[in-house]
Amino acid sequence: MGWDAFGLPAENAAIANKTAPAKWTRENIAYMRGQLERLGYGYDWAREFATCNADYYRWEQWFFTRLMERGLAYKKEAEVNWDPVDQTVLANEQVENGRGWRSGALIKRRKISQWFLRITNYAEELIDGLDQLEDWPESVRTMQRNWIGKSVGVEAVFTVVDSDIDGDALKVFTTRPDTIMGVTYLAVAAQHPLAISAAIDNPELKTFLDECGHMKTAEAELETMEKKGMPLGVFAVHPISGEQVPVWVANFVLAGYGTGAVMAVPAHDQRDWEFAGKYGIDITPVVYPVDGDLDIEGGAFTEYGVLKNSGQFDGLSSEMAKQRIAEWLEEKQLGEQQVNYRLRDWGVSRQRYWGCPIPVINIDGKTIPVEASQLPVVLPENVVLDGVGSPIKKMPEFFETTDPETGELAERETDTFDTFFESSWYYARFCSPDSDQAMLDERAKYWLPVDQYVGGVEHAVLHLLYARFFHKLMRDEGLVNGDEPFKKLLTQGMVIAETYYREGENGRKEFFNPTDVETTKDEKGRILQAVLRSDGEPVVVGGVEKMSKSKNNGVDPQSMIDRYGADTVRLFMMFASPPEQSLEWNDDAVAGASRFLRRVWAWFYKHQSVFQTSPCEQLIAPKIENDALVDVRRTVYGILERALRDYERQQFNTVVAACMEMTNALEKFDWSSAGAAGKQVQSESAIILLKLLAPVAPHIVEKISGEFNIRDQVETSWLQVDESALKVDQVELVVQVNGKLRSKLQVAIDIPRDQLEVLVLADENVQRFIEGSVVRKIIIVPGKLVNVVAN
RNA sequence: GCCCGGGUGGUGAAAUUGGUAGACACGCAAGACUUAAAAUCUUGUCGCUUUCGAGCGGUGCCGGUUCGACCCCGGCCCCGGGCACCA
């Protein structure tokens, strides 16, 4: 068990409860450990650690200094959400409607210097590796592939006219160089130097840039807001035509991504088309469909075609033109072919307190890593949080230090790592949790990769991509073998629940736990009204979302454990739905789970004389004469076969269903008249049921098997299907006419085809439905179905 | 907006992955036990029609492929997740 213990929730709780994050965190860990122990999970507690302890995070500090030396960590400016009132950087989730969650102030984009890891150096390997991850869900691999977003294209150079500022050439990337002759404008980000210089003597433009500065730094925000722009009054020279095209500033161009500038071809790109239409910018079509007319009245033509209005490239196909234009640009040194990734380098700096201190020292603008011998840089834990900045930024005793070379005064970094840093390598630390001489030792090479990794789907991209990246970094440092950390991946669905809140002044939301809210619903189960139990006043129904601390919609299974016991809760959770599926929490069915376990218990005690006298040492291929016994044995093994398959494919809800079905069958059977062989079969069945149930409800199985001296049989060796028990000589066939179920037929399993056809056609119901039509063919699925096609 | 999932009875779900739609449960209804209730047990439970044999319709919506579609293909609607500072 690794407690991923740093992060925002602890800071939020600290502000709300006026407790230090460390205390709150460790109390929560203790509570959770108690609960997990009571649930009987098989964690190896000898390998437990918490990421907020220095004996864990010291190693990522060390690793970071290694990355600095290897040139894989670097500093650059990047934008954050700045709350001007609380003087704090806000997480995206702390910004709503452009305002800070505590202060309600309009947020401001602000550039600050931050640490980045060169994950883009590994982009190619991260994509290629996905093909080898055969035991990962295809959906996760697709999401990662799309996230990395490899695209091949051309970077073209547009020279800015009459510019005296730095970077007077605008470099733009395009995957469609064949459309380059259709460029009618360029667009740059609001933070682009060209935009800023153009705004100096243009107040209207200045206002627009300011407006863009109030948007939060989230891609979803950029993509959904109204696309706006303004001309800069600046022009750039088209590299091929030599004509001048206007340069605009647009709020949807990302400053920190690529070159912060894009070329626009409104005739052949939908977003450009809409933008051009809105602002009356020229639309010049240059690619025409191979057959048929070009119609760009209703939208851009984004397919491939044949070039026109493109000078020397006229008449070329898009495919050809992409190649020729790229070559032409390269020849003239006005561009080059490039592979571009959507993936950006990983920003790991956080201007927060509750995280691992970044182990660097700033001396007069230069930054050096803290020497290995001086690690760890320990985070002070005795602090008070007031929501205004990080406490360690106000603690000279923390940040005042000296230059190890000169002894001059220097300043320690007060930013901390992104918490994904901790969660990116904990899986490896489990192999050597006690190692105090190294981050990992030889044991990591022995145990890794992880055979089976389980995590929520919400981690499909970020966490799982960072962990894959870290594994490669650790491999290149010689710490682990192999290229990938996790051989097999199961992505759990999320447990989701209704959210309820009230909006306070300045739009700040206070969330209430569903257990504290009383709802009235209509007959379709929709919530009509929700009121807080404590004051009877209404609350806003916020919709169903993944359970989280920030939305306060989690449920604590503790009261359920207290009332029904761990086995019932485990069984109930396994039975609710398959693990990949998301699940809206509802504990109505928990009583049913408890009832089932009590029935199992009752059945064993009802037949205790049998289990006490005939403990079924080993069933040696019993020769069973009694047909009823053969049937019940077939039923048991039939159910077992399905259950084992479902365990294998991790569909535990149907395993539980199979246990219930088996119990139903055993309860129904009249064992009293089955004689000595009956006792054997009964004991055999009992052991199968207990074994099958053991992983789900271990406590009750252990108790029952101990009571009847069969613990050895239950706890040693896993289950196997006795194929001979499954043998049948009669099967029930489904009979269809034209694909519709019309009849059922009991036949010998090996009935010859011609006999079967005769039998089917003679069937009364079949007769009725083929009357007056001609039988065209008869489809037979052996052992299952017959379909008579007639018309 | 983009990427990834999902949508099946009143509810959670199942369907060996193209072959009987609704297994197993929850809930509900009726009955048994009980002075009564709880617990437990039995029976029924997708909708409509029915001469009680069965018939028709039905897996978000519209269309297609197929002897046959919850499953495959095309278009749409709704819900959940992710979108780089929640983790």
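Because the structure is a prediction, the values reported are computed rather than measured.

1. Regarding the overall build of chain A
When helices and strands are tallied, chain A shows 26 helices and 35 strands. Along the first, second and third principal axes, the C-alpha atoms of chain A reach 105 × 80 × 60 Å. Residue burial in chain A is summarised as follows: out of 791 residues, 47% are buried. In chain A, of all internal contacts separated by at least 6 residues, the share reaching a separation of at least 24 is 66%. Summed over all atoms, the accessible surface of chain A reaches about 39400 Å², with 49% contributed by carbon and sulfur.

2. Structural notes on the protein's contact with RNA strand B
Residues in contact with RNA strand B amount to 73 residues; listed here are only the nearest, Asp4, Gln351, Arg352, Ala576 and Asn787. Near the protein, meaning within 4 Å, the atoms of RNA strand B are sugar or phosphate in a fraction of 62%, with bases accounting for the rest. One of the backbone N or O atoms of Ala576 is found 2.6 Å from a sugar or linking oxygen in RNA strand B. Measuring from a base oxygen of RNA strand B, one finds a side-chain N or O atom of Lys744 at 2.8 Å. With six residues, the single largest contributor to the surface near RNA strand B is helix H21 (residues 652–668). Partitioned by chemical class, the residues of the surface near RNA strand B number 26 nonpolar, 24 polar and 23 charged.

3. Notes on the sheet that holds strand E3 (residues 73–83)
What the four strands build is an open sheet, ordered E4-E3-E7-E17; its pairing is antiparallel. In this open sheet, the two edge strands, each paired with only one partner strand, are strand E4 (88–90) and strand E17 (346–347). As paired strands, strand E7 (residues 108–117) and E17 are joined by two bridges and run antiparallel to one another. Across the sheet, the residue bridging to Leu117 is Trp346, located in E17. The strands touched by helix H3 (residues 54–69) are E3 and E7; relative to E7, the strand with the most contacts, the crossing angle is about 85 degrees.

4. Digging into a negative patch on the surface
Among the surface-exposed residues, Glu327, Glu330, Glu331 and Glu336 lie close enough to one another that they form a single negatively charged patch. Among the elements that take part in the negative patch, helix H10 (residues 318–331) stands out by supplying three residues, more than any other. Structurally, the position occupied by Glu336 is in strand E16 (residues 335–341).

5. Focus: helix H4 (residues 123–130)
Within H4 the residues assigned to the buried category are Ala123, Leu126, Ile127, Gly129 and Leu130. Angularly, the buried residues of H4 cover 165 degrees about the axis, an arc narrow enough to put them on a single face.

6. A short note on unusual backbone geometry
In the segment running from Leu375 into Pro376, the intervening peptide bond is cis, with an omega of 0 degrees. Mapped onto the elements, Pro376 comes out in the loop between strand E20 (366–369) and helix H11 (396–399). At Asn552, a residue that is not glycine, the phi angle is positive and equals roughly 50 degrees. Turning to its location among the elements, Asn552 is positioned in the loop between strand E30 (540–546) and helix H16 (558–564). On the accessibility criterion, Asn552 (28% relative accessible area) is partly exposed.

7. A short note on helix H1 (residues 8–17)
Within H1, the full set of buried residues consists of Leu8, Ala10, Glu11, Ala13 and Ala14. Two residues or fewer after H1 comes Lys18, characterised by a positive phi angle close to 55 degrees.

8. Concerning the sheet that holds strand E32 (residues 730–737)
Across the sheet, which stays open at both edges, the four strands sit in the order E33-E32-E35-E34 with mixed pairing between neighbours. With partners counted over all chains shown, the strands left at the sheet margins are strand E33 (740–748) and strand E34 (775–781), one partner each. With strand direction ignored, the average angle separating the axes of adjacent strands in the sheet is 20 degrees. Those strands touched by helix H25 (residues 753–762) are E32, E33, E34 and strand E35 (785–790), and its axis lies near 120 degrees from that of E34.

9. Re the confidence of the model for chain A
Close inspection of predicted coordinates is inappropriate for parts of the model with low pLDDT. Across chain A, the average pLDDT comes to 92, with 97% of residues at 70 or higher. Scoring of the predicted complex yields 0.94 for pTM and 0.96 for ipTM.

10. Things to note about the nonpolar core
Across soluble globular proteins, nonpolar side chains show a tendency to be buried alongside one another. Phe64, Leu117, Trp346, Leu440, Phe470 and Met474 are the most contacted members of the largest nonpolar core, which has 81 residues in total. Counting 54 residues, the second-largest nonpolar core is a separate cluster that includes Trp603, Phe611, Leu629 and Cys659.

11. Topic: the packing of H21 against helix H22 (residues 675–693)
Between H21 and H22, the least distance of the axes is 10 Å, while the angle of their chain directions is 160 degrees. With respect to their mutual orientation, H21 and H22 come out roughly antiparallel. In this structure, the crossing between H21 and H22 has a hand that is left-handed. Where H21 abuts H22, its residues Cys659, Met662, Thr663 and Leu666 lie against Ser685, Ile688, Leu689, Leu692 and Leu693. Class assignment of the residues belonging to the contact of H21 with H22 gives a composition of seven nonpolar, two polar and no charged.

12. Focus on the pattern of salt bridges
In total, this model carries 45 salt bridges according to the counting rule given. A salt bridge links Asp441 to Arg443; the nearest nitrogen and oxygen atoms lie 2.8 Å apart. For Asp441, a relative accessible area of 24% puts it in the partly exposed group.

13. A look at the pairing of strand E8 (residues 150–160)
Judged from the seven bridges that link them, E8 and E16 form a sheet pairing that is antiparallel. Note that in E16 the partner of Ala156 across the bridge is Gly335. Note: E8 against strand E9 (residues 169–174), six bridges, orientation antiparallel. Bridged to Phe158 within E9 is Leu170. The pairing of E8 with strand E11 (residues 229–237) spans two bridges and is antiparallel. Directly across from Thr159, in E11, lies its bridge partner Val237.

14. Some thoughts on the packing of aromatic side chains
What describes a pair of aromatic rings is the distance from one ring centre to the other and the angle between the planes of the rings. Applying the stated criterion across every chain yields a total of 46 aromatic pairs. Both rings, one in Phe64 and one in Trp115, keep their centres 5.3 Å apart while their planes meet at 85 degrees; by these two values the pair is edge-to-face. Within this pair, whereas Phe64 is found in helix H3, its partner Trp115 is found in strand E7, the two being separated by 51 residues in sequence. Each member of the pair, Phe64 as well as Trp115, carries the same accessibility label: buried. Looking at Arg58, its charged tip hangs above the ring of Trp59, at a distance of 4.6 Å from the centre. Between Arg742 and the ring centre of Phe769, over which it is positioned, the NZ or CZ distance is 3.7 Å.

15. Thoughts on the environment of Asn92
Note on placement: Asn92 falls in the loop between E4 and strand E5 (95–96). In this structure Asn92 comes out as partly exposed when scored by relative accessible area, which is 32%. Sequence-distant contacts of Asn92, that is, excluding residues within four places in its chain, are made with Asn81, Lys216, Thr217 and Ala218. A polar contact of 2.9 Å, which involves the side chain of Asn92, links it to the side chain of Asn81.

16. Side note on the packing of helix H5 (residues 138–148) against helix H15 (residues 462–476)
The description of two helices packed together rests on the angle between their axes and the distance between the axes. Contact geometry for H5 and H15: axes closest at 10 Å, N-to-C directions at 75 degrees. One finds that H5 runs roughly perpendicular with respect to H15. Within the contact between the two elements, H5 uses Val140, Gln144, Trp147 and Ile148 and H15 uses Leu462, Leu464, Leu465 and Arg468.

17. Things to note about the environment of Arg352
Locating Arg352 in the fold gives a position in the loop between strand E18 (349–350) and strand E19 (360–363). For Arg352, a relative accessible area of 13% corresponds to the buried category. In this structure, the C-alpha to C-alpha distance between Arg352 and Leu254, residues 98 residues apart in sequence, is 25 Å. Ignoring anything within four residues of it in the chain, the contact list for Arg352 reads Leu8, Glu11, Val89, Leu90, Ala91, Gln94, Ser390, Thr414 and Thr416. Engagement of the side chain of Arg352 in a polar contact is seen with the backbone oxygen of Val89, the distance being 3.2 Å.

Thresholds, definitions, all that
- Residues numbered from 1 in each chain as written.
- Chains lettered and ligands numbered in written order.
- Predicted model: local features only at pLDDT ≥ 70, side-chain atom pairs only at ≥ 80, totals over all residues.
- Heavy atoms only, no water.
- Helix = DSSP H or I, 4+ residues; strand = E, 2+ residues; numbered from the N terminus.
- Buried < 20%, exposed > 50% of the residue type's maximum accessible area, 1.4 Å probe, protein only.
- Contact = heavy atoms within 4.5 Å.
- Areas by Shrake-Rupley, 256 points an atom, 1.4 Å probe, with all protein chains shown as cover.
- Near = heavy atom within 4 Å.
- Polar contact = N/O pair within 3.5 Å; in protein donor to acceptor, adjacent residues only side chain to side chain.
- Nonpolar A, V, L, I, M, F, W, Y, C, P; charged D, E, K, R; others polar.
- Pairing = 2+ DSSP bridges.
- Axes fitted to C-alpha atoms, helices over the stretch in contact; angles between N-to-C directions.
- Patch = residues over 30% accessible without salt bridge, like charges linked within 9 Å, V, L, I, M, F, W, Y side chains within 5 Å.
- Salt bridge = Lys/Arg side-chain N within 4 Å of Asp/Glu carboxyl O.
- Lys, Arg positive; Asp, Glu negative; His and termini not counted.
- Charge placed at Lys NZ, Arg CZ, Asp CG, Glu CD.
- Arc of directions from axis to C-beta.
- pLDDT = per-residue confidence, 0-100.
- Core = buried A, V, L, I, M, F, W, Y, C linked by side-chain atoms within 4.5 Å.
- Parallel < 35°, antiparallel > 145°, perpendicular 65-115°, else oblique.
- Left-handed = near helix turned anticlockwise from the far one by under 90°.
- Phe/Tyr/Trp six-rings, centres within 6.5 Å; stacked < 30°, edge-to-face > 60°.
- Lys NZ or Arg CZ within 6 Å of the ring centre and 35° of its normal.

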